[in-house]
Amino acid sequence: MTKPSTGQAVSFHIEDGIGFLTIDQPPVNAISLAVIAALGPALDAFEASDARGLVVQAAGRTFVAGGDITMFDDPAFTPAPLNALLDRIEASNRPVVAALHGTTLGGGLEIAMACHHRIADPATRLGLPEITLGLIPGSLGTQRLPRLVGLEKAAGMILGGKPISAGDAQSIGLIDAIAEDPSAAAIAAIDTLTGTEPRRTRVQVIPDLDRAEAILAPLRDVAASTPWHPAKAAAIEALSTGATDGYDAGEATETRLFLDLVKTPASRAQRHIFFAERAARRISDLPGDTPLRRVETIGILGAGTMGAGIAMAFANAGFTVTLVDANPEALDRGLTRISQDYERLAARGRLSADDADRITARISGAESIAALADVDMVVEAVFEDMDLKCRVAAELGAICKPGAILATNTSTLDVDRIAQASGRPEAVIGTHFFSPAQIMRLLEVVRARDTAPDVLATVMSVASRIRKTAVVTGVCYGFIGNRMAEVYMRESEAMQMESATPGQIDGVIEDPAWLGMAMGPSRMLDMAGVDVGARTVIEWIASGDGPQDPAYRALCRAMFDSGAHGQKTGHGYYRYEGRTALPNDDTHALAAQLARQHGITSRDHDAQEIFERLLYPMVNEAALILDEGIAQRASDIDVVWTAGYGFPAWRGGPLFMADEIGADAIVAAMHRHGATLGNADGRWTPAPLLSRLAREGGRFSDL
Ligand code: COA
Ligand code: NAD
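Residues numbered from 1 in each chain as written. Chains lettered and ligands numbered in written order. Predicted model: local features only at pLDDT ≥ 70, side-chain atom pairs only at ≥ 80, totals over all residues. Heavy atoms only, no water.

Of the protein chain, the UniProt comment under Subcellular location (unreviewed entry) reads exactly: "Peroxisome". In its Catalytic activity (unreviewed entry) section, the UniProt entry covering the protein chain states "a (3S)-3-hydroxyacyl-CoA + NAD(+) = a 3-oxoacyl-CoA + NADH + H(+)". (UniProt positions renumbered as here; feature names shortened; annotations may be inferred.)

Visitor: Could you give an account of the nonpolar core, with specific residues and numbers?
Guide: Formed by 74 residues in total, the largest nonpolar core has its most connected members in Ile-480, Leu-615, Ile-637, Trp-641, Leu-690 and Phe-700. No other element matches the eleven residues that helix 24 (residues 607–627) contributes to this core. Discounting residues that sit within four places of it in the chain, Ile-480 has contacts with Glu-444, Val-471, Val-472, Thr-473, Ile-625, Ile-630, Ala-631, Ile-637 and Val-640. Residues Ala-38, Ile-69, Leu-133 and Leu-135 belong to the second largest nonpolar core, which totals 72 residues. (Core = buried A, V, L, I, M, F, W, Y, C linked by side-chain atoms within 4.5 Å. Buried < 20%, exposed > 50% of the residue type's maximum accessible area, 1.4 Å probe, protein only. Helix = DSSP H or I, 4+ residues; strand = E, 2+ residues; numbered from the N terminus. Contact = heavy atoms within 4.5 Å.)

Visitor: Please provide a residue-by-residue account of the environment of Tyr-616, values included.
Guide: With respect to the helices, strands and loops of the structure, Tyr-616 is situated in helix 24. For Tyr-616 and Trp-684, which are 68 residues apart along the polypeptide, the C-alpha to C-alpha distance reads 9.3 Å. Once residues lying within four places of it in the same chain are set aside, the contact partners of Tyr-616 are Phe-611, Ile-661, Ala-665, Ile-666, Ala-669 and Met-670.

Visitor: Can you explain the packing of helix 18 (residues 481–497) against helix 24? Please cite residues and give values.
Guide: Here helix 18 crosses helix 24 at 150°, and the two axes come no closer than 8 Å. Between helix 18 and helix 24, the crossing angle belongs to the class labelled roughly antiparallel. When you trace helix 18 past helix 24, the crossing you get is right-handed. Contact residues: helix 18 offers Arg-483, Met-484, Val-487, Tyr-488, Arg-490, Glu-491, Ser-492, Ala-494 and Met-495, while helix 24 offers Ile-610, Arg-613, Leu-614, Pro-617, Met-618, Glu-621, Ala-622, Leu-624 and Ile-625. Across the contact of helix 18 with helix 24, the residue classes tally to twelve nonpolar, one polar and five charged. (Axes fitted to C-alpha atoms, helices over the stretch in contact; angles between N-to-C directions. Parallel < 35°, antiparallel > 145°, perpendicular 65-115°, else oblique. Left-handed = near helix turned anticlockwise from the far one by under 90°. Nonpolar A, V, L, I, M, F, W, Y, C, P; charged D, E, K, R; others polar.)

Visitor: For the environment of Ile-111, give the residues involved together with the corresponding values.
Guide: Topologically, Ile-111 is positioned in helix 3 (residues 107–114). With a relative accessible area of 2%, Ile-111 lands in the buried category. Considered as a pair, Ile-111 and Glu-493 are 382 residues apart in the sequence and their alpha carbons are 54 Å apart.

Visitor: Account for the sheet that holds strand 12 (residues 363–366), naming residues and giving values.
Guide: Pairing within the open sheet is mixed, and its eight strands lie in the order 12-11-10-13-14-15-16-17. The open sheet terminates on both sides in strands that have one partner only, identified here as strand 12 and strand 17 (469–473). With direction set aside, neighbouring strand axes in the sheet form an average angle of 25°. Here three bridges tie strand 14 (residues 405–408) to strand 15 (residues 428–433), and the two strands are oriented parallel to one another. Its bridge partner lying in strand 15, Ala-407 is registered against Ile-429. Contacting strand 14, strand 15 and strand 16 (442–446), helix 16 (residues 415–422) runs over the sheet at an angle of about 135° to strand 15. (Pairing = 2+ DSSP bridges.)

Structure below.
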């Protein structure tokens, strides 16, 4: 549902004796300072009028989707003015009814809860997502929500941050009614409510108050175990104060904690990622009105690990998929894997059996590439072999219909060469999915030299339809993510040859006190397959483009030869008992033997050194990537790492973290490590951009 625009941030008018307060701040009606400033006069007008009641509504595609996140950066920001306006709404002696649609989130729900009655259209989603920004609700969400739905449900919504449907909101008492036209229903409600005592949320008794401590104590324990996420403990404190000491004390606590949280690095980082993910969709030299090609049918070439996952990603979003594999057994394996995956999801209740059947039916198999002649877009996911990729690109170029988009899922190969081989390079683009492709959020969209603007624009739009977080990258070895991961792996293995253990290294980088990566480098490579990583490195070195230092990633290359391929073989950097990773003495001995062979001496590594040697080369590589124009902007690089590599959002990504540390400190450490460790291949020479930021006191976020 979309409501017509009024052209004013907030307007008030009276129709048939009823007042209408309309918020109109496109695109999502976020409560900006302008909205706050305009709410006062609108309420004045209502209070001075003889309207029988007030309907609070918003224009456009949604009711208010939250406070304007940008205003939290202003050190002078305080929730007090909005809170006072909400108190005025609630204090009205005439009925005030909220008419809700779209996404009623954060400050939007807080406005609604200050009203006496709430009616939503059936598709409305309601929630308090502030926790996902490292915050708590700032305008009485922690006080009014428990008074409407109880402490237990309020804590669940505030700590989880996930919006709920209108149906669920009605069943827990958050809204009073659902109507196709909530504004019309609000008028009727005002007539019913007129003359009755307004139901003010602040004076309601919290329904499960007697169980307050039993509800909050276990949540407090959980929050205490994640001190790097201070918003959780803060939310519980605000709920608890409001429950035990009353609404006013709860309000004071909420305000104090909100203002503390806004300044924390964790919240600043999460807000940075919120805007970074949205900025990543914008392509500077691509006009917003670039026409899109029609894409409804998808062909996938190669039904292996990636092909099957990519097929599911598209089918989940409603696309019709033809999955082709030249090897009938591989095709059968791929299709079986897909149907088993959906059966498992249905068995676990994650999907209804009907939906599982419907989605599975969208995917059909074929053995001949000819089956792709009429599809709108092909994603090629055959073996990572340049000759093969060029051969199939030529075949696709010959058989696909004019206008079809030809995407390659290569992780390392030169997309420009593949594009040339197709005979229609303007139609070729890279779509670098991450494994498992139906689950991982990141999609690197590789813009090749000749990729047509409408092909790029269409693939970005398709990415959002399949709910991927897309980041554009230029063509280079490893694109953005794996190119940075390469130097991260390099240092991890170099430290192992100097006698550090994988557990010691992973332990530091996985420790939230240092960084909090979901998985350290050795654990990650063991999971992805040491063979997969090593093959890439071996080819890169053999091509002459990779480093020619014989000690370069000697460990993973030797592990590849010895069959220590990670989890799949039961031993890699670690030894596996089931899923448990244990120290692997064989790999440790192999590292020691390689160290002797390459004249590397053993040394001790403290946590600070491990942290610097893993993070700083990545920051340096990112600076090169920016200088070369491979990434459009620094924040895109942060999105790649937070969406695709388990870098915690509350750290804001490697470049947000670099800004917090300071380019000067990073450059000084790089010089120090170069002096101690030697500067093979110039690996400790700061990139020109990083040096400049260090010299000028600049930040990646200001580039
Ligand atoms: N404050 C400031 N800007 C906001 C905003 C907010 N609360 N919510 C959305 N925007 C901006 C986005 O940055 C984007 O701007 P852009 O077009 O310049 O990139 C624009 O509004 C549209 O948002 P987008 O997320 O692209 O639209 P969507 O339709 O995919 O999703 C929402 C809409 C409301 C679900 C989503 O924007 C959202 O979750 N917003 C944040 C809600 C929130 O956390 N509220 C509590 C704040 S304390
Ligand atoms: P895979 O070995 O699991 O599957 C490749 C499939 O391609 C096989 O089933 C094979 O039979 C099929 N195939 C080979 N030649 C073919 C042809 N001429 N016509 C049709 N089918 C053919 O490989 P994968 O891991 O799925 O990788 C596929 C691509 O995705 C590679 O380019 C790889 O670099 C890339 N990639 C892999 C990962 C990963 O984690 N596995 C991640 C990102 C990208």
